[in-house]
Amino acid sequence: MLDTKDFTFFESQSNFDFKGFVLKIFSYWKWFVLSLIIAFLIAYNVNIRKEKVYGMESLIVVKDENNPFFTSNTSLVFNWGGVSDKVQTVITTLKSRSHNEIVVDKLEYYIQYQTKGKYFYQDAYGNIPFYVKIDKNKGQLAFVPIKIKFISATQYELSVDFNEFASRTLIHYVDNSRSTLGAEETLFTKRFKIDEEVDLPFLHLKLHLHSSANDYLNKEFYLKFEDFNTTVARYKSIDVAADSRAQSVISLQLTGSNKNRLVEYLNTTVDLLRKNQLNSKNLFATNTINFIDSTLHVMEDQIKEAENELKDFRKGKNVFELEAGGELLTQKISEYDVQKDETVRKIRYLDNLKSYLDKSIDFSNLPAPTVANIEDPNIVNNVSRLIELSKQRAELNYAVKSGKMFSEFDVEMEAIKKVLLENISSSKSALMIDLNIVNKNISQAESEVSRLPEQQQEHLKISRKYNLKDNIYSTFLEKRSEAEIVKAANISDIDFIDPAKDVGGGLRGPKTSINYILAFILGLLIPLLIIFVIVLLDNNINAVDDIQKLTKIPVIGVIGKKNTETNLSVFDKPKSPLAESFRAIRSSLQFLYKKQKEDGAKILMLTSSVSGEGKTFCSINLATVFALSEKKTIIVGLDLRKPRIYGDFNLDNMVGVVNYLIGQKPLAEVIQKTHIPFLDILSSGPIPPNPAELLMGESMKEMIEELKQQYDYIILDTPPVGLVSDALELAHYCDATLYVTRQGFTKKGMLSVVNEKHKRGELHNISILFNGFQNKAKYGYGYGYGYGYGYGVYGEGYHDEVTEVKGWRRLLKRKKNN
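Residues numbered from 1 in each chain as written. Predicted model: local features only at pLDDT ≥ 70, side-chain atom pairs only at ≥ 80, totals over all residues. Heavy atoms only, no water.

A. Spatial organisation of the sheet that holds strand β20 (residues 633–637). Sheet architecture is open: eight strands sit in the order β18-β25-β24-β19-β23-β20-β22-β21, paired in mixed fashion. Each of the sheet's edge strands pairs with one partner strand only, and the pair in question is β18 (555–560) and β21 (672–673). Both β20 and strand β22 (residues 679–682) contribute to a ladder of four bridges, which runs parallel. Across the sheet, residue T633 finds its bridge partner in β22, namely L679. (Pairing = 2+ DSSP bridges. Helix = DSSP H or I, 4+ residues; strand = E, 2+ residues; numbered from the N terminus.)

B. Region of interest: the sheet that holds strand β8 (residues 169–172). Pairing is antiparallel in the open sheet, where three strands are placed in the order β5-β8-β9. Two strands close off the open sheet at either side, each with one partner strand: β5 (140–141) and β9 (177–180). Judged from the two bridges that link them, β5 and β8 form a sheet pairing that is antiparallel. Bridging across to β8, L141 finds its partner in L170.

C. How the structure looks around unusual backbone geometry. In this structure, N176 is a non-glycine residue whose phi angle is positive, near 60 degrees. Relative to the helices and strands, N176 is located in the loop between β8 and β9. In this structure N176 comes out as partly exposed when scored by relative accessible area, which is 29%. Residues other than glycine seldom take positive phi values, yet D215 does so here, at roughly 55 degrees. (Buried < 20%, exposed > 50% of the residue type's maximum accessible area, 1.4 Å probe, protein only.)

D. Representation of the pairing of strand β23 (residues 713–717) in the model. Most of β23 is tucked away, with five of its five residues classed as buried. Across the two faces of β23 the burial is the same, with Y713, I715 and D717 and I714 and L716 all buried.

E. Spatial organisation of the nonpolar core. Counting residues in hydrophobic clusters, the biggest one holds 66 residues, and the most contacted among them are F130, L158 and F202. With seven residues, the single largest contributor to this core is helix α6 (residues 259–281). Residue contacts for L158: discarding those within four places in its chain leaves I146, K147, I148, F188, T189, K190, F192, L200 and L203. Judged by nonpolar contacts, the second largest core, of 44 residues, contains V544, M605, I634 and L661. (Core = buried A, V, L, I, M, F, W, Y, C linked by side-chain atoms within 4.5 Å. Contact = heavy atoms within 4.5 Å.)

F. Layout of the pattern of salt bridges. By the definition in use, this model includes 15 salt bridges. Ionic pairing is found between K136 and D105, a salt bridge with its closest N-O pair at 3.0 Å. Remark: D105 occurs in helix α4 (residues 97–107) and K136 occurs in the loop between β4 (130–134) and β5; sequence separation between them is 31 residues. A salt bridge links E580 to R583; the shortest N-O distance between them is 3.0 Å. Of this pair, E580 and R583 both sit in helix α16 (residues 577–596), three residues apart, roughly one helical turn. (Salt bridge = Lys/Arg side-chain N within 4 Å of Asp/Glu carboxyl O.)

G. Structural detail: the packing of helix α2 (residues 29–48) against helix α13 (residues 512–537). Viewed as axis vectors pointing N to C, α2 and α13 meet at an angle of 150 degrees, and their least axial separation amounts to 8 Å. When the axis of α2 is compared with that of α13, the two are roughly antiparallel. The hand of the α2/α13 crossing is right-handed. Residue classes in the contact of α2 with α13 are distributed as 18 nonpolar, five polar and no charged. (Axes fitted to C-alpha atoms, helices over the stretch in contact; angles between N-to-C directions. Parallel < 35°, antiparallel > 145°, perpendicular 65-115°, else oblique. Left-handed = near helix turned anticlockwise from the far one by under 90°. Nonpolar A, V, L, I, M, F, W, Y, C, P; charged D, E, K, R; others polar.)

H. Inspection of the environment of E196 at higher detail. One can find E196 in the loop between β10 (187–193) and β11 (197–200). Aside from chain neighbours lying at most four places away, what touches E196 is L205, K206 and L207. A polar contact of 2.7 Å, which involves the side chain of E196, links it to the backbone nitrogen of K193. (Polar contact = N/O pair within 3.5 Å; in protein donor to acceptor, adjacent residues only side chain to side chain.)

I. Just the packing of aromatic side chains, in detail. Applying the stated criterion across every chain yields a total of 24 aromatic pairs. With a centroid separation of 5.4 Å and 75 degrees between ring planes, the pair formed by Y109 and Y125 is classed as edge-to-face. Here Y109 is found in the loop between α4 and β2 (111–116), whereas its partner Y125 is found in the loop between β3 (121–123) and β4, with 16 residues between them in sequence. On the basis of relative accessibility, which here comes to 0%, the residue Y109 falls in the buried class. (Phe/Tyr/Trp six-rings, centres within 6.5 Å; stacked < 30°, edge-to-face > 60°.)

Taken by themselves, the reported measurements are silent on function.
Following this line, the structure appears as structure tokens:
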């Protein structure tokens, strides 16, 4: 007997059975196979429905390309700043919206050329035999595939299915405005000649064939017009970054579904940037040439007028007499006039520059100071920097929305303006002094001229006017020539290292291997989580370990799953492993009885927590093994509320325990013989209204005493102890009690009932019988514990071989039995 003071209540123990969990995982291998198949099928379908993504790359370098014709006297080169400044400017420009708008508009990438694949429309740019030229002023049908099918070498069919695509939006690419198509078209189809103008309410274009077009007859292609801004935003995501090891080297990377587009876009965006940068670099020279051209145009008339006046004066006169005695004086005055004109032009340029700085905010069109022979480095450099900042600010106006960046530009430009205004003031003061000196020299020379004869004075005056105009004209021509040379000699600071080129490869996605890896992981993880939840929520007793964790009541034996149609498993198959397990329990009980040193009849009570745990099955087969050992055995059905024990013996329940207890029948008349030798049965009889009271009466005691006189073993099949108290009323009659549990059926919490009753001494000499055991991993009990096993060797044929019929054979067997 187990000492109750050593009893420990283990219901709160929750150690995770890792071994059992692993074994349970293996038992659900079909789940994993099915889950992996489904996951891989999903991954495969996702992969084949994804459009391939390619990546193209180009490398450019930003250098300081000095003009070989640049000198201190030809300060006509626009300065972008140092290399680091240029690199940042290039990166910002390449990613700017304004620059990408120009590139997209030039390449017309908002026009999609497609072919229809199995799962999606494929971008076929570069592999299409034709191209279209659209009228940007008129609306084009947007977002709808327009089918082009070539009927012959000179004719094609254009069709649009308005039923499939509901969009009726028209885009006018001249200003990116939109309108709506008014006509309610359904399916439009019409044939056109190649190079013929298409003028429809929703389409305005001309279709031309490429010179290399071939093998296109009876093939279908598709046009689709996309939103301009959406297209720009897609290409604006170009990845531009400076090389960490060489800051002047810039890498451009672009991804997309069509390699031809990527290559063309990368090379075009750099070419346009190079052109713009060279134009900016030539800005000084261009402004200077434009200024000089406008000045020369005015001076040409003035020179002709002065030349005609000089000719008219000399007509009919002796030129040598007119020039005699005044050659040196004429030369001196002409030099003074040139000095004065140069000084006046400098002052006038400074005045105009000051006025421009005060009134204007765009300084990109300022002419170079050298146009007026101003060589002050402070003025030249500050004007250059001001033009640079003004142009950068204008270029970033569309690309950057940050007010902070614009404020930084404005602050720097304002600071340069202040410095430049101070430079103008100091330079102008020095020029005014020079002008006063030149005017004084001219006055002295003119006083000498006044001593000459009147005709010589007049000739000198006209010649002086002509020489001044001619000298100024020659100076401007020289400056213009210098500007043209500088402009022609300039080269861009941006150059290709590696232009973009399709050399094969470049595939960036979809990452099919990653999808398959994810499918593999999810295919394992999902059933694993489901199994974990099942284990976590499983509150059934599935293994002997579960019992041992919850109670210290010993397990007397393990009974396998019933392998017969009736409950007479031991009698029907006496050599089966199931029969051997009952014999093992019989041996354990006999050992227990010997230990108690009790003689005479032995009374064994079987009970359980709830109905359905196999209590009656165990009672019948334990009684059978005792009877087969030629011990007089009787099964007493004391489950008066739900009698069941008689049916397996093909007996009735007309009379039984109840009839005896109420004094209606003597014991001999209620005991029934079975077809099993040495085994009798005393069924419960009619269901009484007061089962508990009958079991508590004196008649029950008399019945037990009388049975003990007639039988060696008395098996009491009692009601579940967890439902009613009947079994507790019978416990004091018993020498041993077997508490029946069933694998996968008995709840772990039910053991708390027997624990509590055992603690209070209501159940004594109690052992647990584990019923319905299947040696399967899904119960977390893969190898057994040896209970009820160890008799005989399978190879020697001691046991009956039991083969479980599965699959279609089981269905045929059921059909045959029916």
